[in-house]
Amino acid sequence: MWALIFAASHFYWAVGGDVGLSVSAGRQLATARPLWFVLLGLWGVGTLCLVGALLAWLLAQSHPQGAARRILTCLGWGVSFILLTRGITIEFLLLTDVTHLDSSVSAGQRFWTLVLWNPWFIAGGLAFGMSALKAGRRAPSPLLQTGPR
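By convention here, each chain's residues receive numbers from 1 onward along its written sequence. Reporting of local features is limited, given that this is a predicted model, to residues whose pLDDT is at least 70; pairs of side-chain atoms are given and counted only at 80 or more, and all residues count toward the totals for whole chains, interfaces and linings. The side-chain values count all of the structure's non-hydrogen atoms but skip hydrogen atoms and water molecules.

Asker: Residue-level account of the packing of aromatic side chains, with values.
Answerer: Here a pair means two rings of Phe, Tyr or Trp (six-membered ring of Trp) with centres within 6.5 Å. Their orientation is stacked below 30 degrees between planes, edge-to-face above 60, and tilted elsewhere. Here the structure, examined in full by the defined rule, presents eight aromatic pairs. Relative to Trp117, the ring of Trp13 lies with its centre 5.8 Å away and its plane at 65 degrees, an arrangement referred to as edge-to-face. On the criterion of sequence distance, the pair formed by Trp13 in helix α1 (residues 2-14) and Trp117 in helix α6 (residues 107-137) is long-range, its members being 104 residues apart. Buried, partly exposed and exposed residues are distinguished by accessible area as a fraction of the type maximum, computed with a 1.4 Å probe on protein chains only: under 20%, between the cut-offs, and over 50%, respectively. The buried category is assigned to Trp13, whose relative accessible area is 3%. Of the aromatic side chains, those joined through ring pairs into one cluster are Trp2, Phe6, Trp120, Phe121 and Phe128. Two limits define a charge over a ring: the Lys NZ or Arg CZ must be within 6 Å of the ring centre, and within 35 degrees of the ring normal. In this structure, Arg86 is placed above the aromatic ring of Phe121, and the distance from its NZ or CZ to the ring centre is 3.9 Å. Secondary structure elements are defined from DSSP: runs of H or I of at least 4 residues count as helices, runs of E of at least 2 residues count as strands, and each element is numbered from the N terminus.

Pasting the structure below:
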């Protein structure tokens, strides 16, 4: 559900919706909406989120064996790492102001990034990590096993 909600918000913005976009991407991008931003930042990220939703579903529902299981689990851990790293790093940079972003980040964008967007990334990272952990530990389904019993 995490990935589907994130995809829906990006597709909403891609088709012209503006609620929350300026505090997510910044007022300049939200107003100008350059083609690269709409294609990569909105449609592209929305599509990646749909791929992430498929991965999450496969981690939760399927019972692959061997290499397929290892690949799915590694992908789940990879997505978890990326989301957690993004959320925690940006949160740290904004809270400590190490990079002095005050001139380029509005107060509203800073607030919503700290209380909504970064926690959202962290929640997604934790969800993917828990799914990968569970998938890696899951016993194979007896219906999918081959050979004598």
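Asker: Which residues make up helix α5 (residues 66-96), and what values go with them?
Answerer: In a regular helix each residue adds 1.5 Å, so 31 residues correspond to 45 Å; α5 covers 44 Å between its end C-alpha atoms and thus fits that length. Where α5 terminates, the next one or two residues include Asp97, which has phi positive at roughly 55 degrees. Working rule for helices: expected span equals 1.5 Å times residues minus one.

Asker: Could you give an account of the packing of α1 against α6, with specific residues and numbers?
Answerer: Any two packed helices are characterised by how steeply their axes cross, that is the angle between the axes, and by the distance between the axes. Relative orientation of the contacting elements α1 and α6 amounts to 140 degrees, with a least axis distance of 10 Å. By the angle between their directions, the pair α1 and α6 is classed as oblique. Contacts between α1 and α6 involve Trp2, Ile5, Phe6 and Trp13 from the former and Trp117, Trp120, Phe121, Ala123, Gly124 and Phe128 from the latter. Each residue gets one label: Ala, Val, Leu, Ile, Met, Phe, Trp, Tyr, Cys and Pro are nonpolar, Asp, Glu, Lys and Arg are charged, and the others, such as Gly, are polar. Across the contact of α1 with α6, the residue classes break down as nine nonpolar, one polar and no charged. Here, axes are lines fitted to C-alpha atoms. For helices the fit covers the stretch in contact, and angles between N-to-C directions go from 0 to 180 degrees. Angular relationships are summarised with four words: roughly parallel below 35 degrees, roughly antiparallel beyond 145, roughly perpendicular across 65 to 115, and oblique for the angles in between. Two residues form a contact once any of their heavy atoms are found within 4.5 Å.

Asker: Run through unusual backbone geometry, naming residues and quoting values.
Answerer: Of note, Arg33 is a non-glycine position whose phi angle comes to about 45 degrees, a positive value. Mapped onto the fold, Arg33 is located in the loop between α3 (27-32) and α4 (35-61). Judged by its relative accessible area of 21%, Arg33 falls in the partly exposed class.

Asker: Please give an account of a nonpolar patch on the surface that cites residues and values.
Answerer: There is a patch of nonpolar side chains on the surface, built from Val15, Leu35, Trp36, Leu39, Leu40 and Trp43 and spanning about 700 Å² of accessible area. For Trp36, a relative accessible area of 53% translates into the label exposed. The residues that make up patches have over 30% relative accessible area and no salt bridge, and they are joined within 9 Å when like-charged or within 5 Å when they are Val, Leu, Ile, Met, Phe, Trp or Tyr. Values of accessible area rely on a 1.4 Å probe in the Shrake-Rupley scheme; residue burial ignores everything except the protein chains shown. Any carboxyl oxygen of Asp or Glu within 4 Å of a side-chain nitrogen of Lys or Arg constitutes a salt bridge here.

Asker: Kindly report on the nonpolar core, identifying the contributing residues and their values.
Answerer: Nonpolar cores are built from buried Ala, Val, Leu, Ile, Met, Phe, Trp, Tyr and Cys residues. Side-chain atoms within 4.5 Å join them into one set. The biggest cluster of nonpolar side chains holds 23 residues, and the ones touching the most others in it are Trp2, Phe6, Leu21, Leu42, Leu59 and Phe128. Counting only elements with at least two residues in this core, the list comes to α1, α2 (21-25), α4, α5 and α6.

Asker: Quick one: what's the story with the packing of α4 against α6, residue by residue and with numbers?
Answerer: With their axes 9 Å apart at the nearest point, α4 and α6 run at an angle of 35 degrees to one another. α6 is crossed by α4, and the crossing has left-handed handedness. Of α6, the residues touching α4 (which contributes Gly52, Leu55, Ala56 and Leu59) are Phe128, Ser131, Ala132 and Ala135. Taken together, the residues of the contact of α4 with α6 sort by class into six nonpolar, two polar and no charged. For a crossing to be left-handed, the near helix must be turned anticlockwise from the far one by less than a right angle; the clockwise case is right-handed.

Asker: Residues and numbers for the environment of Leu133, please.
Answerer: As for its placement among the helices and strands, Leu133 is situated in helix α6. Each C-alpha atom, one on Leu133 and one on Thr73, is 7.5 Å from the other, the two residues being 60 residues apart in sequence.

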